[in-house]
Amino acid sequence: MDDQQHKPPLLLTPGPLTTSSAVKEAMLVDHGTWDDDYKALTQWVRHELVTIGNASEADYTAILMQGSGSFGVEAAIGTAVPKKGATLLIAANGAYGDRMIEIAEYLAIPHVVLPVPEDQVVTLTAVEEVLAAHPEITHFAVVHCETTTGILNPIESIIPALAAKGIITLVDAMSSFGGVPIDLEQLHVDYLITSSNKCIQGVPGFSIVLAKKHTLLKAKGNARSLALDLYAQYQTFENHDGKWRFTSPTHVVYAFAEALRELDQEGGVSVRTHRYQTNETLLREGMQDLGYELVIDKSVQSPIITSFKFPMTDFDFRAFYDYLKDRGFIIYPGKVSKCDSFRIGNIGEVSAEDIHHLLDLITTYTKETLQLPVGN
Ligand SMILES: *Cc1c(COP(=O)(O)O)cnc(C)c1O
(Lines give C-alpha, C1' and ligand atoms only; values in the text may rest on other atoms or scores of the structure.)
Protein backbone atom coordinates (compact mmCIF):
# COMPACT_ATOMS: atom_id res chain seq x y z
CA MET A 1 0.00 0.00 0.00
CA ASP A 2 1.36 3.39 -0.92
CA ASP A 3 0.65 6.61 0.93
CA GLN A 4 -2.33 7.46 -1.23
CA GLN A 5 -4.21 4.48 0.18
CA HIS A 6 -3.88 5.70 3.76
CA LYS A 7 -5.41 9.07 2.95
CA PRO A 8 -9.16 9.42 2.66
CA PRO A 9 -10.16 9.46 -1.02
CA LEU A 10 -10.41 12.78 -2.83
CA LEU A 11 -13.98 13.66 -3.76
CA LEU A 12 -14.23 14.50 -7.45
CA THR A 13 -17.94 15.16 -6.96
CA PRO A 14 -19.89 18.40 -7.26
CA GLY A 15 -20.58 18.78 -3.54
CA PRO A 16 -19.99 17.66 -0.93
CA LEU A 17 -16.46 18.06 -2.17
CA THR A 18 -12.94 17.85 -0.85
CA THR A 19 -12.35 20.53 1.79
CA SER A 20 -9.09 21.66 3.38
CA SER A 21 -7.88 20.44 6.77
CA ALA A 22 -8.38 23.91 8.22
CA VAL A 23 -12.05 23.90 7.13
CA LYS A 24 -12.58 20.55 8.85
CA GLU A 25 -10.63 21.64 11.95
CA ALA A 26 -12.86 24.70 12.35
CA MET A 27 -15.61 22.26 13.36
CA LEU A 28 -13.79 20.95 16.44
CA VAL A 29 -15.20 23.66 18.71
CA ASP A 30 -18.82 23.90 19.91
CA HIS A 31 -20.61 27.24 19.77
CA GLY A 32 -23.88 28.57 21.15
CA THR A 33 -26.35 30.13 18.75
CA TRP A 34 -26.99 33.15 21.02
CA ASP A 35 -23.31 33.95 21.36
CA ASP A 36 -22.28 37.43 20.18
CA ASP A 37 -19.15 36.11 18.42
CA TYR A 38 -21.25 33.63 16.47
CA LYS A 39 -23.79 36.27 15.50
CA ALA A 40 -20.98 38.60 14.39
CA LEU A 41 -19.45 35.78 12.37
CA THR A 42 -22.81 35.16 10.70
CA GLN A 43 -23.01 38.85 9.74
CA TRP A 44 -19.46 38.74 8.38
CA VAL A 45 -20.28 35.64 6.29
CA ARG A 46 -23.40 37.37 4.90
CA HIS A 47 -21.35 40.46 4.07
CA GLU A 48 -18.59 38.44 2.33
CA LEU A 49 -21.12 36.59 0.19
CA VAL A 50 -22.54 39.85 -1.17
CA THR A 51 -18.98 41.01 -1.90
CA ILE A 52 -18.21 37.77 -3.79
CA GLY A 53 -21.32 38.51 -5.88
CA ASN A 54 -19.71 41.86 -6.72
CA ALA A 55 -22.68 43.69 -5.21
CA SER A 56 -23.26 46.37 -2.63
CA GLU A 57 -25.18 45.71 0.57
CA ALA A 58 -27.36 48.67 -0.31
CA ASP A 59 -28.85 46.55 -3.11
CA TYR A 60 -28.32 42.91 -2.18
CA THR A 61 -28.43 40.79 0.96
CA ALA A 62 -27.33 37.22 1.73
CA ILE A 63 -29.84 35.05 3.56
CA LEU A 64 -28.56 31.81 5.02
CA MET A 65 -31.05 28.95 5.28
CA GLN A 66 -30.63 25.67 7.18
CA GLY A 67 -30.59 22.55 4.97
CA SER A 68 -29.06 21.53 1.67
CA GLY A 69 -29.17 23.53 -1.54
CA SER A 70 -32.67 22.37 -2.45
CA PHE A 71 -34.01 23.95 0.76
CA GLY A 72 -32.70 27.29 -0.52
CA VAL A 73 -34.27 26.80 -3.95
CA GLU A 74 -37.60 25.85 -2.37
CA ALA A 75 -37.41 28.78 0.06
CA ALA A 76 -36.65 31.22 -2.77
CA ILE A 77 -39.39 29.97 -5.09
CA GLY A 78 -41.92 29.70 -2.25
CA THR A 79 -41.17 33.23 -1.03
CA ALA A 80 -40.65 35.00 -4.36
CA VAL A 81 -43.92 34.04 -6.02
CA PRO A 82 -47.06 35.70 -4.57
CA LYS A 83 -49.98 33.42 -3.73
CA LYS A 84 -52.23 35.12 -6.27
CA GLY A 85 -51.80 36.61 -9.74
CA ALA A 86 -48.39 35.14 -10.51
CA THR A 87 -47.04 32.52 -12.93
CA LEU A 88 -43.55 31.07 -12.90
CA LEU A 89 -41.70 30.08 -16.07
CA ILE A 90 -39.09 27.38 -15.47
CA ALA A 91 -36.48 26.63 -18.15
CA ALA A 92 -35.14 23.12 -17.60
CA ASN A 93 -32.23 21.36 -19.31
CA GLY A 94 -31.39 18.84 -16.61
CA ALA A 95 -32.28 17.29 -13.27
CA TYR A 96 -32.00 20.51 -11.25
CA GLY A 97 -34.32 22.37 -13.60
CA ASP A 98 -36.70 19.43 -13.21
CA ARG A 99 -36.41 19.74 -9.43
CA MET A 100 -37.64 23.36 -9.63
CA ILE A 101 -40.66 22.09 -11.60
CA GLU A 102 -41.33 19.56 -8.82
CA ILE A 103 -41.08 22.34 -6.23
CA ALA A 104 -43.62 24.43 -8.16
CA GLU A 105 -45.91 21.39 -8.29
CA TYR A 106 -45.59 20.72 -4.54
CA LEU A 107 -46.26 24.35 -3.70
CA ALA A 108 -49.16 24.53 -6.20
CA ILE A 109 -47.54 27.49 -7.95
CA PRO A 110 -48.98 28.13 -11.43
CA HIS A 111 -46.10 27.46 -13.81
CA VAL A 112 -45.08 27.07 -17.43
CA VAL A 113 -42.17 24.84 -18.45
CA LEU A 114 -39.63 25.50 -21.19
CA PRO A 115 -38.07 22.08 -21.77
CA VAL A 116 -34.60 22.17 -23.36
CA PRO A 117 -32.54 19.07 -24.31
CA GLU A 118 -29.91 18.22 -21.69
CA ASP A 119 -27.01 18.83 -24.07
CA GLN A 120 -28.30 22.25 -25.20
CA VAL A 121 -28.21 25.61 -23.39
CA VAL A 122 -31.29 27.67 -22.56
CA THR A 123 -31.36 30.69 -24.90
CA LEU A 124 -32.92 34.13 -24.54
CA THR A 125 -34.73 33.59 -27.87
CA ALA A 126 -36.42 30.42 -26.60
CA VAL A 127 -37.39 32.16 -23.34
CA GLU A 128 -38.80 35.17 -25.21
CA GLU A 129 -40.93 32.91 -27.41
CA VAL A 130 -42.56 31.40 -24.34
CA LEU A 131 -43.08 34.84 -22.80
CA ALA A 132 -44.80 36.03 -25.99
CA ALA A 133 -47.17 33.04 -25.86
CA HIS A 134 -47.79 33.42 -22.10
CA PRO A 135 -48.29 37.04 -21.10
CA GLU A 136 -49.37 35.82 -17.63
CA ILE A 137 -45.74 34.97 -16.72
CA THR A 138 -44.41 37.14 -13.88
CA HIS A 139 -41.42 35.09 -12.63
CA PHE A 140 -38.61 33.14 -14.30
CA ALA A 141 -36.28 30.45 -12.95
CA VAL A 142 -33.24 28.79 -14.52
CA VAL A 143 -30.17 26.84 -13.42
CA HIS A 144 -26.77 28.43 -14.12
CA CYS A 145 -24.44 25.42 -14.17
CA GLU A 146 -26.68 22.37 -14.74
CA THR A 147 -24.69 19.89 -12.70
CA THR A 148 -26.49 17.07 -14.52
CA THR A 149 -24.08 17.52 -17.43
CA GLY A 150 -21.83 20.46 -16.45
CA ILE A 151 -23.44 22.71 -19.07
CA LEU A 152 -23.33 26.46 -18.37
CA ASN A 153 -26.50 28.38 -19.26
CA PRO A 154 -25.89 31.95 -20.52
CA ILE A 155 -27.56 33.86 -17.66
CA GLU A 156 -25.63 37.02 -18.65
CA SER A 157 -27.80 37.36 -21.76
CA ILE A 158 -31.08 36.02 -20.34
CA ILE A 159 -31.48 37.56 -16.88
CA PRO A 160 -30.90 41.30 -17.58
CA ALA A 161 -33.28 41.12 -20.57
CA LEU A 162 -36.04 39.64 -18.40
CA ALA A 163 -35.36 42.04 -15.54
CA ALA A 164 -35.83 44.89 -18.04
CA LYS A 165 -39.30 43.51 -18.79
CA GLY A 166 -40.16 43.57 -15.07
CA ILE A 167 -40.01 39.80 -14.64
CA ILE A 168 -38.73 38.60 -11.27
CA THR A 169 -35.80 36.24 -11.85
CA LEU A 170 -34.43 33.31 -9.85
CA VAL A 171 -31.13 31.59 -10.67
CA ASP A 172 -29.99 28.29 -9.20
CA ALA A 173 -26.25 29.01 -9.18
CA MET A 174 -25.67 26.24 -6.67
CA SER A 175 -22.65 24.68 -8.32
CA SER A 176 -21.20 27.84 -9.91
CA PHE A 177 -21.24 30.67 -7.32
CA GLY A 178 -17.67 31.16 -6.08
CA GLY A 179 -16.29 28.99 -8.88
CA VAL A 180 -17.30 31.18 -11.81
CA PRO A 181 -17.48 35.00 -11.61
CA ILE A 182 -21.07 36.18 -11.09
CA ASP A 183 -21.96 39.87 -10.99
CA LEU A 184 -25.30 40.31 -9.24
CA GLU A 185 -25.61 44.01 -10.06
CA GLN A 186 -24.95 43.48 -13.76
CA LEU A 187 -27.39 40.58 -13.90
CA HIS A 188 -30.11 42.49 -12.02
CA VAL A 189 -31.07 39.05 -10.70
CA ASP A 190 -33.66 39.01 -7.90
CA TYR A 191 -32.76 35.71 -6.21
CA LEU A 192 -29.59 33.69 -6.73
CA ILE A 193 -29.15 30.47 -4.79
CA THR A 194 -26.03 28.54 -3.76
CA SER A 195 -24.97 26.38 -0.82
CA SER A 196 -22.22 25.91 1.75
CA ASN A 197 -20.78 22.78 0.14
CA LYS A 198 -20.08 23.77 -3.46
CA CYS A 199 -17.49 26.20 -4.87
CA ILE A 200 -16.91 28.14 -1.65
CA GLN A 201 -15.55 24.77 -0.47
CA GLY A 202 -17.31 24.45 2.87
CA VAL A 203 -19.16 21.43 4.25
CA PRO A 204 -22.90 20.68 3.81
CA GLY A 205 -25.41 22.26 6.18
CA PHE A 206 -26.95 25.43 4.80
CA SER A 207 -28.02 27.09 1.60
CA ILE A 208 -27.56 30.73 0.63
CA VAL A 209 -29.95 33.04 -1.16
CA LEU A 210 -28.55 36.29 -2.49
CA ALA A 211 -31.60 38.49 -2.83
CA LYS A 212 -32.23 41.91 -4.27
CA LYS A 213 -33.49 43.83 -1.23
CA HIS A 214 -35.98 45.89 -3.20
CA THR A 215 -37.68 42.69 -4.39
CA LEU A 216 -37.39 40.74 -1.14
CA LEU A 217 -38.97 43.52 0.91
CA LYS A 218 -42.14 43.11 -1.16
CA ALA A 219 -42.29 39.35 -0.54
CA LYS A 220 -43.75 39.45 2.97
CA GLY A 221 -46.54 36.92 3.44
CA ASN A 222 -45.81 35.00 0.23
CA ALA A 223 -44.17 31.95 1.82
CA ARG A 224 -46.01 28.64 1.77
CA SER A 225 -43.84 27.26 4.58
CA LEU A 226 -42.93 28.58 8.03
CA ALA A 227 -39.42 27.10 8.12
CA LEU A 228 -38.65 28.09 4.52
CA ASP A 229 -39.92 31.67 4.77
CA LEU A 230 -37.00 33.60 3.31
CA TYR A 231 -38.51 36.94 4.24
CA ALA A 232 -38.91 35.97 7.90
CA GLN A 233 -35.40 34.52 7.92
CA TYR A 234 -34.04 37.80 6.55
CA GLN A 235 -35.93 39.89 9.10
CA THR A 236 -34.53 37.80 11.96
CA PHE A 237 -30.93 38.22 10.77
CA GLU A 238 -31.46 41.96 10.31
CA ASN A 239 -33.40 42.70 13.49
CA HIS A 240 -31.35 40.50 15.83
CA ASP A 241 -27.75 41.27 14.77
CA GLY A 242 -27.12 38.04 12.88
CA LYS A 243 -29.23 35.71 15.01
CA TRP A 244 -30.56 32.83 12.92
CA ARG A 245 -34.23 31.85 13.13
CA PHE A 246 -34.32 28.36 14.72
CA THR A 247 -31.25 26.23 15.47
CA SER A 248 -28.45 26.78 12.98
CA PRO A 249 -25.54 24.54 11.91
CA THR A 250 -22.97 26.36 14.05
CA HIS A 251 -20.02 24.11 13.20
CA VAL A 252 -20.80 24.39 9.51
CA VAL A 253 -20.89 28.18 9.72
CA TYR A 254 -17.44 28.26 11.36
CA ALA A 255 -16.10 25.91 8.68
CA PHE A 256 -17.69 28.09 6.00
CA ALA A 257 -16.05 31.23 7.42
CA GLU A 258 -12.69 29.46 7.17
CA ALA A 259 -13.52 28.46 3.57
CA LEU A 260 -14.28 32.13 2.78
CA ARG A 261 -10.90 33.17 4.20
CA GLU A 262 -9.23 30.51 2.06
CA LEU A 263 -11.03 31.72 -1.06
CA ASP A 264 -9.65 35.17 -0.35
CA GLN A 265 -6.13 33.80 0.30
CA GLU A 266 -6.25 31.88 -2.97
CA GLY A 267 -6.78 35.22 -4.73
CA GLY A 268 -10.56 35.37 -5.01
CA VAL A 269 -13.06 33.97 -7.48
CA SER A 270 -11.08 34.66 -10.67
CA VAL A 271 -8.04 32.73 -9.42
CA ARG A 272 -10.27 29.88 -8.25
CA THR A 273 -12.03 29.83 -11.63
CA HIS A 274 -8.63 29.54 -13.28
CA ARG A 275 -7.68 26.56 -11.10
CA TYR A 276 -10.98 24.80 -11.82
CA GLN A 277 -10.63 25.60 -15.52
CA THR A 278 -7.12 24.15 -15.57
CA ASN A 279 -8.41 20.97 -13.89
CA GLU A 280 -11.29 20.75 -16.36
CA THR A 281 -9.14 21.26 -19.47
CA LEU A 282 -6.56 18.71 -18.30
CA LEU A 283 -9.26 16.20 -17.49
CA ARG A 284 -11.33 16.69 -20.64
CA GLU A 285 -8.37 16.62 -23.03
CA GLY A 286 -6.71 13.72 -21.20
CA MET A 287 -9.91 11.68 -21.32
CA GLN A 288 -10.47 12.50 -25.00
CA ASP A 289 -6.91 11.35 -25.74
CA LEU A 290 -7.90 8.03 -24.15
CA GLY A 291 -10.92 7.79 -26.44
CA TYR A 292 -13.66 8.91 -23.99
CA GLU A 293 -16.37 11.02 -25.62
CA LEU A 294 -17.98 14.13 -24.16
CA VAL A 295 -21.72 14.41 -23.46
CA ILE A 296 -21.82 18.16 -24.19
CA ASP A 297 -19.86 20.36 -26.57
CA LYS A 298 -16.82 22.06 -25.09
CA SER A 299 -18.17 25.49 -26.10
CA VAL A 300 -20.92 25.16 -23.44
CA GLN A 301 -18.84 23.26 -20.88
CA SER A 302 -18.43 24.79 -17.40
CA PRO A 303 -15.20 24.48 -15.37
CA ILE A 304 -17.24 22.71 -12.64
CA ILE A 305 -17.93 19.11 -13.71
CA THR A 306 -17.39 17.10 -16.89
CA SER A 307 -19.58 14.27 -18.27
CA PHE A 308 -18.23 11.38 -20.31
CA LYS A 309 -20.07 8.71 -22.26
CA PHE A 310 -19.48 5.08 -21.30
CA PRO A 311 -16.55 3.88 -23.46
CA MET A 312 -18.42 0.67 -24.42
CA THR A 313 -22.01 -0.59 -24.19
CA ASP A 314 -21.34 -3.18 -21.45
CA PHE A 315 -19.14 -0.81 -19.40
CA ASP A 316 -19.25 -1.72 -15.70
CA PHE A 317 -19.34 1.69 -14.00
CA ARG A 318 -19.36 0.14 -10.53
CA ALA A 319 -16.09 -1.73 -11.18
CA PHE A 320 -14.50 1.44 -12.59
CA TYR A 321 -15.74 3.44 -9.59
CA ASP A 322 -14.34 0.87 -7.12
CA TYR A 323 -10.99 0.73 -8.94
CA LEU A 324 -10.61 4.50 -8.61
CA LYS A 325 -11.97 4.60 -5.06
CA ASP A 326 -9.42 2.00 -3.93
CA ARG A 327 -6.73 4.26 -5.38
CA GLY A 328 -7.89 7.50 -3.81
CA PHE A 329 -10.58 9.06 -6.01
CA ILE A 330 -14.35 9.18 -5.72
CA ILE A 331 -16.09 9.97 -9.01
CA TYR A 332 -19.78 10.45 -9.77
CA PRO A 333 -22.39 8.46 -11.70
CA GLY A 334 -24.11 10.08 -14.66
CA LYS A 335 -27.51 11.74 -14.50
CA VAL A 336 -28.18 12.32 -18.20
CA SER A 337 -31.34 10.53 -19.29
CA LYS A 338 -30.58 9.86 -22.93
CA CYS A 339 -27.14 8.23 -22.72
CA ASP A 340 -25.08 6.19 -20.28
CA SER A 341 -22.47 8.45 -18.76
CA PHE A 342 -20.38 9.23 -15.71
CA ARG A 343 -19.15 12.50 -14.28
CA ILE A 344 -15.94 13.81 -12.79
CA GLY A 345 -15.93 17.01 -10.75
CA ASN A 346 -13.15 19.59 -11.00
CA ILE A 347 -14.05 21.59 -7.90
CA GLY A 348 -12.93 21.49 -4.25
CA GLU A 349 -9.41 21.24 -2.87
CA VAL A 350 -8.20 19.56 -6.07
CA SER A 351 -5.01 20.42 -8.01
CA ALA A 352 -3.70 19.78 -11.51
CA GLU A 353 -1.39 17.19 -9.96
CA ASP A 354 -4.42 15.29 -8.65
CA ILE A 355 -5.96 15.29 -12.14
CA HIS A 356 -2.69 13.98 -13.63
CA HIS A 357 -2.68 11.19 -11.06
CA LEU A 358 -6.31 10.35 -11.84
CA LEU A 359 -5.60 10.28 -15.58
CA ASP A 360 -2.70 7.87 -15.02
CA LEU A 361 -5.05 5.51 -13.19
CA ILE A 362 -7.74 5.78 -15.87
CA THR A 363 -5.12 5.13 -18.57
CA THR A 364 -4.04 1.93 -16.85
CA TYR A 365 -7.64 0.83 -16.28
CA THR A 366 -8.66 1.55 -19.87
CA LYS A 367 -5.70 -0.37 -21.34
CA GLU A 368 -5.46 -3.28 -18.92
CA THR A 369 -8.98 -3.91 -17.67
CA LEU A 370 -11.12 -2.63 -20.52
CA GLN A 371 -8.46 -3.60 -23.07
CA LEU A 372 -9.39 -0.67 -25.23
CA PRO A 373 -6.81 0.81 -27.58
CA VAL A 374 -5.65 4.17 -26.23
CA GLY A 375 -3.97 6.89 -28.29
CA ASN A 376 -0.21 7.57 -27.89
C1 LIG B 1 -26.10 20.57 -5.69
C2 LIG B 1 -27.13 21.26 -6.48
C3 LIG B 1 -28.41 21.56 -5.93
C4 LIG B 1 -28.82 21.21 -4.54
O5 LIG B 1 -28.82 19.89 -4.28
P6 LIG B 1 -28.88 19.41 -2.76
O7 LIG B 1 -28.76 17.92 -2.89
O8 LIG B 1 -30.14 19.85 -2.18
O9 LIG B 1 -27.70 20.03 -2.09
C10 LIG B 1 -29.29 22.29 -6.70
N11 LIG B 1 -28.97 22.69 -7.94
C12 LIG B 1 -27.78 22.41 -8.50
C13 LIG B 1 -27.49 22.92 -9.88
C14 LIG B 1 -26.82 21.68 -7.79
O15 LIG B 1 -25.64 21.41 -8.35
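Computed from a prediction, not measured in an experiment: that's the story for all the values here.

Each value, and the rule that gives it
Residues numbered from 1 in each chain as written. Predicted model: local features only at pLDDT ≥ 70, side-chain atom pairs only at ≥ 80, totals over all residues. Heavy atoms only, no water. 1 Å grid on protein atoms, 1.4 Å probe; cavity = no way out; pocket = protein on both sides within 12 Å on 5 of 7 lines; lining within 4 Å. Points joined across faces, edges and corners; volume = space filled by probe spheres on them. Helix = DSSP H or I, 4+ residues; strand = E, 2+ residues; numbered from the N terminus. Nonpolar A, V, L, I, M, F, W, Y, C, P; charged D, E, K, R; others polar. Domains from an automatic or database assignment. Pairing = 2+ DSSP bridges. Axes fitted to C-alpha atoms, helices over the stretch in contact; angles between N-to-C directions. Contact = heavy atoms within 4.5 Å. Phe/Tyr/Trp six-rings, centres within 6.5 Å; stacked < 30°, edge-to-face > 60°. Buried < 20%, exposed > 50% of the residue type's maximum accessible area, 1.4 Å probe, protein only. Lys NZ or Arg CZ within 6 Å of the ring centre and 35° of its normal. Near = heavy atom within 4 Å. Polar contact = N/O pair within 3.5 Å; in protein donor to acceptor, adjacent residues only side chain to side chain. Areas by Shrake-Rupley, 256 points an atom, 1.4 Å probe, with all protein chains shown as cover. Sits in = over half its atoms within 2 Å of the grid points.

Caption draft 1: Here's a closer look at the layout of surface pockets. Here the largest pocket defines a volume of roughly 350 Å³. Lining of the largest pocket is provided by 19 residues; of these, Pro8, Pro9, Leu10, Leu11 and Thr18 occupy positions nearest its centre. Elements with a minimum of two residues in the lining of the largest pocket: strand E1 (10-11) and helix H13 (352-369). Among the elements that take part in the lining of the largest pocket, H13 stands out by supplying 3 residues, more than any other. Residues belonging to the lining of the largest pocket are distributed by class as follows: 8 nonpolar, 7 polar and 4 charged. Estimates place the volume of the second largest pocket at around 260 Å³. The residue makeup of the lining of the second largest pocket, split by class, is 9 nonpolar, 8 polar and 3 charged. Mapping the lining of the second largest pocket onto the domain boundaries places at least three of its residues in each of domain 1 (2-17 + 268-368) and domain 2 (29-264).

Caption draft 2: Region of interest: the sheet that holds strand E2 (residues 60-66). Read from one edge to the other, the open sheet built from 7 strands follows the order E2-E10-E9-E8-E5-E3-E4, with strand pairing classed as mixed. Bordering the open sheet on either side are E2 and strand E4 (111-115), each of which pairs with just one other strand. For this sheet, the mean angle separating the axes of adjacent strands, direction not counted, is 20 degrees. Two elements, strand E3 (residues 88-92) and E4, share 5 bridges in a ladder whose sense is parallel. Bridging from a neighbouring strand, Ile90 pairs with Val113 of E4. Along the sheet face, helix H2 (residues 36-52) touches E2 and strand E10 (206-212) and points at about 125 degrees away from the line of E2. Here helix H9 (residues 230-239) sits on the sheet and contacts E2, strand E9 (191-195) and E10; the angle it forms with E2, its principal contact strand, is near 105 degrees.

Caption draft 3: Here's a closer look at empty space enclosed by the protein. Per the stated rule, a full pass over the model turns up 1 cavity of 30 Å³ or more. Approximately 40 Å³ is the volume found for the largest cavity. Contributing to the lining of the largest cavity are Glu74, Ala75, Gly78, Thr79, Leu107, Ala223, Arg224, Ser225 and Leu228. The residue makeup of the lining of the largest cavity, split by class, is 4 nonpolar, 3 polar and 2 charged.

Caption draft 4: Layout of the packing of aromatic side chains. Inspection of every chain in the model, using the stated rule, returns 16 aromatic pairs. Pairing Phe310 with Phe317 gives two aromatic rings, centres 6.4 Å apart and planes at 5 degrees, and the pair type is stacked. Take Phe310: its relative accessible area is 23%, and that puts it in the partly exposed class. Exposure remark for Phe317: the relative accessible area of 15% places this residue in the buried category. Grouping aromatic residues by their ring pairs yields a cluster made of Tyr292, Phe308, Phe310, Phe315, Phe317, Phe320, Tyr321, Tyr323, Phe342 and Tyr365. A cation over an aromatic ring shows up here: Lys243 above the ring of Trp34, its NZ or CZ 4.7 Å from the ring centre. Over the aromatic face of Tyr323 sits the side chain of Arg327, whose NZ or CZ is 3.9 Å from the ring centroid.

Caption draft 5: A look at the site of the ligand. All residues adjacent to the ligand are Ser68, Gly69, Ser70, Tyr96, Arg99, Val143, Cys145, Thr147, Asp172, Met174, Ser175 and Lys198. Here Ser68 contributes a side-chain N or O atom positioned 2.5 Å from an oxygen atom of the ligand. Interatomic distance of 2.5 Å between a side-chain N/O atom of Thr147 and an oxygen atom of the ligand. Taking 380 Å² as the accessible area of the ligand by itself, protein coverage stands at 85%. Placement of the ligand is best described as lying within the second largest pocket. Residue assignment for the shell around the ligand shows that the elements contributing at least two residues are helix H3 (69-80) and helix H4 (95-106). Taken together, the residues that form the shell around the ligand break down as 4 nonpolar, 5 polar and 3 charged.

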